[in-house]
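# Remarks on the overall topology
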Amino acid sequence: MTMTTEQAEWFAGTFDKLVANVGQAVLGKDHVIRLTFTAMLAEGHVLFEDAPGTGKTMLARAMAATVQGSNNRIQFTPDLLPSDVTGVTIYDQKTQKFEFHKGPIFNNIVLADEINRASPKTQSALLEVMEESRVTVDGVTYEAGRPFMVMATQNPIEQAGTYRLPEAQLDRFLIKTSIGYPDHASTVQLLGGSNLKDRSKEISAVITTQAVADMADLAATVHVDTAVLEYISRLCEETRNAPETRLGVSVRGAIAMVRAAKVWAAGQGRNFVLPDDIKELAAVVWTHRFVMDPEAEFSGATPEAVLARVLSDIAAPQQRAAV
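This section reports on the structure supplied with the text. (Residues numbered from 1 in each chain as written. Predicted model: local features only at pLDDT ≥ 70, side-chain atom pairs only at ≥ 80, totals over all residues. Heavy atoms only, no water.)

Let us look at the sheet that holds strand S8 (residues 149–154). Whether parallel or antiparallel, the strands of a sheet pair through hydrogen bonds between backbone atoms. The parallel open sheet is built from 5 strands, whose spatial order is S2-S5-S8-S1-S9. The sheet is open, and its two borders are formed by strand S2 (71–75) and strand S9 (175–177), each paired with just one other strand. Neighbour-to-neighbour, the strand axes of the sheet open up by a mean angle of 15°, direction not taken into account. Bridge analysis of S2 against strand S5 (residues 109–113) gives 5 bridges, and the strand direction is parallel. Opposite Gln75, over in S5, you have Asp113 as the bridge partner. (Pairing = 2+ DSSP bridges. Helix = DSSP H or I, 4+ residues; strand = E, 2+ residues; numbered from the N terminus. Axes fitted to C-alpha atoms, helices over the stretch in contact; angles between N-to-C directions.)

Once that is clear, we can look at the side chain of Asn21. Here Asn21 shows up in helix H1 (residues 5–22). Judged by its relative accessible area of 7%, Asn21 falls in the buried class. Here the side chain of Asn21 touches Thr66 through a polar contact of 3.0 Å, side chain to side chain. A distance of 2.7 Å separates the side chain of Asn21 from the backbone oxygen of Ser204, its partner in a polar contact. (Buried < 20%, exposed > 50% of the residue type's maximum accessible area, 1.4 Å probe, protein only. Polar contact = N/O pair within 3.5 Å; in protein donor to acceptor, adjacent residues only side chain to side chain.)

This brings us to the environment of Ala42. Topologically, Ala42 is positioned in the loop between helix H2 (30–41) and strand S1 (46–49). Overall, Ala42 belongs to the buried group, its relative accessible area being 7%. Other than its neighbours up to four places away in sequence, Ala42 contacts Leu174, Arg259, Ala260 and Val263. (Contact = heavy atoms within 4.5 Å.)

It is worth spelling out H2 at this point. End to end, H2 covers 16 Å across 12 residues, agreeing with the expected 16 Å (1.5 Å per residue, within 8%). The element H2 is largely enclosed, with a buried count of 10 among its 12 residues. Taken from the residues just after H2, Glu43 is the one with a positive phi, measuring 55°. (Expected span 1.5 Å × (residues − 1).)

Next up on the list: the pattern of salt bridges. Per the stated rule, a full pass over the model turns up 15 salt bridges. The partner of Glu131 in a salt bridge is Arg252, with the nearest N and O atoms 3.7 Å apart. In this pair, Glu131 sits in helix H5 (residues 120–132) while Arg252 sits in helix H10 (residues 251–267), placing the two residues 121 residues apart along the sequence. Taking relative accessible area as the criterion, Glu131 reaches 40% and is therefore assigned partly exposed. Since its relative accessible area comes to 31%, Arg252 is described here as partly exposed. Each member of the salt-bridge network shares a partner with another, and the members are Glu131, Asp171, Arg172, Arg252 and Arg289. (Salt bridge = Lys/Arg side-chain N within 4 Å of Asp/Glu carboxyl O.)

See the structure below:
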């Protein structure tokens, strides 16, 4: 069943309230907040490539407070073990039974700070839970719950002692973006309220976690015309055929775009996806999935430039009216 016009209007109103609420803690970053909520409602994950001190932890806490959810922060280090993330089974001598002690991954929002500092073995512990929202320990499967979102960060400048994220893991992030530094007015406002050490504590809840799950289910019913699906497919094929790339957008990346575009459209009060939604989301949903040819990269080619050319070369279908 397709989302109705009335449901789309309600969705957009609620979405705006969520963004505005978090915006009280993360000043001047409404677009990034919208992208992050889009990932949450599309049941995906976000990778932030940012310098320290730009408000990533504040964003995670404020979002969790807004949806009455739980949150946890994992500081990734070279000696972090997979069990430190997922949890461990411990023998209880009193009950003479093995009990599973859940790790920090069992929260609604998990901030994986400096994920590229952990070993590949620990990074891989995230793969199952990111893709399937569940963890298997000692042959027993535990559900992560809904909503569930990993917000991972990596420092683009300091690369010493880090492990590059493999393509298979990058492909599991729905969106890659950056918060960046606030503008002048927002910085002045932040400095004026410097007595507030944690602005997220001032945030009140807007909806419940169950309502977030319901919104995610509702967003999945947004209509996507066959012409738009064909447009997405042609764009992905063109990124794979580009001479500058060794790997373009995968099928998983194409599916991720459909899921993100549905939420993005509903967040603007529409029950249908437009080609412009694809263009607007293309950079944050797709560029981190590219594997560039080394020679082309050495010559100055970038994923952003390749994607811009592809979007220019492939004609978008004509926009259609509401269904």
